[in-house]
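# Report on the structure
Listed below are the residues making up each chain.
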Amino acid sequence: MEHKLTHGGDWAGYEAEYGAKPLDFSANISPLRLPEGVRAAVVESLWSAESYPDPLCRALRQAVAGAEQANVDWCLCGCGAADLIYRVVLAKKPRRALVTAPTFAEYEAALELAGCKTEHYLLREEAGFPLDEGFLDAVTPDTDMVFVCQPNNPTGRTVSRSLLTAVLDRCREADALLVVDECFCDFLDDPDTHTMKNLLGEYRNLLILKAFTKLYAMAGLRLGYCLCGDTALLDAMRNAGQPWAVSGPAQAAGIAALNETEYVQAVRALIAEQRPRLAGELTRLGFRVIPGEANYLLFFSPKPLLEPLRRRGILLRDCGNYRGLCDGWYRAAVRGREDNQRLIAALEEVLKEGTP
């Protein structure tokens, strides 16, 4: 029996059905593919594959701390950001948590696994799904943990630093942990104005999630990290899963990736150029497009798109399974110019057809 997948990026299912790889707009991965320096580091690391990987990720944590200008003791690495989401929930064992809707599904999945009651703050569709100041009142003395995605997935909307700092203060008053997911923050036009990492020393109740997955096209290597000034919490998270969470090749890849500064600049420049173009084309076709700021766009279509595009070799993320969204919402990654043009051409064909 085929398992129904929660997330996008199921190229393997498409390949099994059609015998070829699709053009994948369902996963928000760098369109520039894996950097060559990272590829070379992974190959070189295989000479040590007979040894266990460093369970403490010492060299990788040093590299991350240098890149993030953070204390190395504030860094914990994991098998992707998703691994760290489950670890922080299992380590803290919250009784009541707060998440937005829509947002990344793994927050609620991890909370449910731990038996936590999850409360949802519905983002207003008519306003374009922003996080507003009403969220502050949703953080109560009974709240143990809060998740905020910056920028949010799937909307691409950011939260102002002033509002997010106010949420952080409210969480501290409630003795709640604020988990800020910054996995897509580096795709923003000005990441430094949105990151909360400069507050780590002041707020022990702040934990930031980051990943190599999207920016460096390393989804298959599974590597992420979190930053937090509460070292006791990081120790508890380390003990909340198996000791060798990060493979040797993944650790080598992460160290190499942090040296790929020109690659990162090229990715960010490409996204900054292509995102407004793709948004403009989707709007021209009559779709309602949410003004996202990351490397993906959320849009609404009254006409079904998933299967017609799939038959044309293109995967799109159907967002109907996001809490807070209904059928008709889709998310498209921002890719290179030719790929984006191919998507638009396919959509034009679909719109001219009768409803399947």
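Throughout, a residue's number is its position along its own chain's written sequence, starting from 1. The model is predicted, so local features are restricted to residues of pLDDT at least 70 and side-chain atom pairs to those at 80 or more, both for listing and for counting; the totals for chains, interfaces and linings are taken over all residues. Only hydrogens and water are set aside when side-chain values are computed; all heavy atoms of the structure are taken into account.

### Side note on the packing of aromatic side chains
Aromatic rings considered in pairs are described by the distance between their centres and by the relative angle of their planes. The line we're drawing: Only Phe, Tyr and Trp rings are paired, with Trp represented by its six-membered ring, and only when their centres lie within 6.5 Å; those with planes under 30 degrees apart are stacked, over 60 edge-to-face, the remainder tilted. Secondary structure elements follow DSSP: runs of H or I of four or more residues count as helices, runs of E of two or more count as strands, with numbering from the N terminus. Only protein chains enter the accessibility calculation, which uses a 1.4 Å probe; a residue is then buried when its area is under 20% of its type maximum, exposed when over 50%, and partly exposed in between.
All chains considered together, the criterion is met by 14 aromatic pairs. When the centroid spacing of 4.9 Å and the interplanar angle of 75° are considered together, the rings of phenylalanine 184 and tyrosine 296 count as edge-to-face. Remark: tyrosine 296 occurs in strand 10 (residues 296-300) and phenylalanine 184 occurs in the loop between strand 6 (177-181) and strand 7 (206-211); sequence separation between them is 112 residues. Overall, the relative accessible area of 5% leaves phenylalanine 184 in the buried class.

### Some thoughts on the sheet that holds strand 7
Counted only if it meets this: Strand pairing is defined by DSSP finding a minimum of two bridges between the two strands. Here an angle of 0 to 180 degrees is reported between the N-to-C directions of two axes, which are lines fitted to C-alpha atoms, with helices fitted over the stretch in contact. Here, residues are in contact when the closest pair of their heavy atoms is within 4.5 Å.
Strand order in this open sheet of seven strands is 2-8-7-6-5-3-4, and the pairing throughout is mixed. Single-partner strands in this sheet number two, and they are strand 2 (75-78) and strand 4 (117-122). Looking at each pair of strands side by side, their axes are set apart by 20° on average, direction ignored. One ladder, built from five bridges, connects strand 7 with strand 8 (residues 224-228); its direction is antiparallel. Directly across from alanine 211, in strand 8, lies its bridge partner glycine 224. Seen against the sheet, helix 5 (residues 105-113) touches strand 3 (96-101), strand 4, strand 5 (145-149) and strand 6 and runs at an angle of roughly 160° to strand 5. Lying over the sheet, helix 7 (residues 161-173) contacts strand 5, strand 6 and strand 7, oriented at roughly 150° with respect to strand 6.

### Comments concerning unusual backbone geometry
Trans peptide bonds make up the majority, and among non-glycine residues the majority have a negative phi. Cis peptide bonds are those with omega within 30 degrees of zero, and the linkage from alanine 101 to proline 102 qualifies with 5°. Here proline 102 lies in the loop between strand 3 and helix 5. Between asparagine 153 and the following residue, proline 154, the backbone shows a cis peptide bond with an omega angle of 25°. Tracing the backbone through its elements, the reader meets proline 154 in the loop between strand 5 and helix 7. Not every positive phi belongs to a glycine, and lysine 93 is a case in point at roughly 50°. If you trace the backbone, lysine 93 turns up in the loop between helix 4 (80-92) and strand 3. Despite not being glycine, arginine 222 shows a phi value in the positive range, around 55°. With respect to the helices, strands and loops of the structure, arginine 222 is situated in the loop between strand 7 and strand 8. A relative accessible area of 30% means that arginine 222 is categorised as partly exposed.

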